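Notes for the structure review
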Amino acid sequence: MGSMDKHELKAIQGFLSTVGESLEGGRNGVALPDRLSELYRIIQRLMHARLGTGSLKVKVYMATLEREARRYRRRIEARLSDGHPAQ
């Protein structure tokens, strides 16, 4: 678990944007369980990376991404546990 470079952070940001848009749009066509497992992976990655060395600015940014990922994870878990069939 090395440090994260800005390309990896950009990729995570992009993924979170996509997840956010699909949740807002209510389109469940995309496989939510797949998104969920990717969110778990991202959260773990950010948690470990934040413990490493790095500028405060980057750590704050990682914490923000992690918070967003957790929020989406909760929303997807809630949606899956509602038992609503995918649209």
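Notes on the structure in this doc start here. All of these numbers come straight from a predicted model, not from anything done at the bench. Chains are numbered independently. Their residues run from 1 in the order of the written sequence. Residues qualify for local features only when their pLDDT is at least 70, as the model is predicted, and side-chain atom pairs are given and counted only at 80 or more; totals for whole chains, interfaces and linings, by contrast, use all residues. Only hydrogens and water are set aside; all other atoms, that is, all heavy atoms of the structure, feed into the side-chain values.

1. Quick look at the nonpolar core
Counting residues in each nonpolar core, the largest one holds 19 residues, and the members touching the most others are Met4, Ile12, Leu16, Leu39, Leu46 and Ile76. Going along the chain from the N terminus, every DSSP run of H or I of four or more residues is numbered as a helix, and every run of E of two or more is numbered as a strand. When residues of this core are traced back to their parent elements, those giving at least two are α1 (6-25), α2 (32-51) and α3 (56-81). For this core, the leading source of residues is α2, giving seven residues. Note on terminology: a nonpolar core comprises buried Ala, Val, Leu, Ile, Met, Phe, Trp, Tyr and Cys residues joined through side-chain atoms within 4.5 Å. Relative accessibility decides the category of a residue: with a 1.4 Å probe and only protein chains considered, values under 20% of the type maximum give buried, values over 50% give exposed, and everything between is partly exposed.

2. As for α2
Helices are assigned an expected span. That span is 1.5 Å times one less than the residue count. Across its 20 residues, α2 extends 29 Å between first and last C-alpha, which sits within 8% of the 28 Å expected from 1.5 Å per residue. Every buried residue belonging to α2 is among Leu32, Arg35, Leu36, Leu39, Ile42, Ile43, Arg45, Leu46 and Ala49, and all of these are buried. The criterion used for residue contact is that any of the two residues' heavy atoms lie within 4.5 Å. Against the buried residues of α2 lie α1 and α3.

3. A closer look at the packing of α1 against α2
Axes here mean lines fitted to C-alpha atoms, for a helix over just the part in contact, with angles spanning 0 to 180 degrees between N-to-C directions. Put simply, α1 and α2 touch, their axes get as near as 12 Å, and they point 145 degrees apart. As for how α1 packs across α2, the hand of that crossing is left-handed. Contact with α1, carried on its side by Glu8, Leu9, Ile12, Phe15, Leu16, Thr18, Val19 and Ser22, involves Arg35, Glu38, Leu39, Ile42, Arg45 and Leu46 of α2 and no other residues of that element. Considered class by class, the residues forming the contact of α1 with α2 number eight nonpolar, two polar and four charged. Two helices crossing with the near one rotated counterclockwise from the far one by less than a right angle form a left-handed crossing, whereas a clockwise rotation gives a right-handed crossing. Throughout, the ten residues Ala, Val, Leu, Ile, Met, Phe, Trp, Tyr, Cys and Pro are labelled nonpolar, Asp, Glu, Lys and Arg are labelled charged, and all others, Gly among them, are labelled polar.

4. Structural notes on α3
With 26 residues, α3 extends 37 Å between its outermost C-alpha atoms, agreeing within 8% with the 38 Å of an ideal straight helix rising 1.5 Å per residue. If you check which residues of α3 are buried, you get Met62, Leu65, Glu66, Glu68, Ala69, Tyr72, Arg73 and Ile76.

5. Looking at the pattern of salt bridges
Just to be clear on terms, a salt bridge is a Lys or Arg side-chain nitrogen sitting within 4 Å of an Asp or Glu carboxyl oxygen. All chains considered together, the criterion is met by five salt bridges. Put simply, Arg75 and Glu24 hold a salt bridge, and the shortest N to O gap is 3.1 Å. Residue Arg75 is located in helix α3, and its partner Glu24 is located in helix α1; the two are separated by 51 residues in the primary sequence. Arg75 sits in the partly exposed class, given a relative accessible area of 30%.

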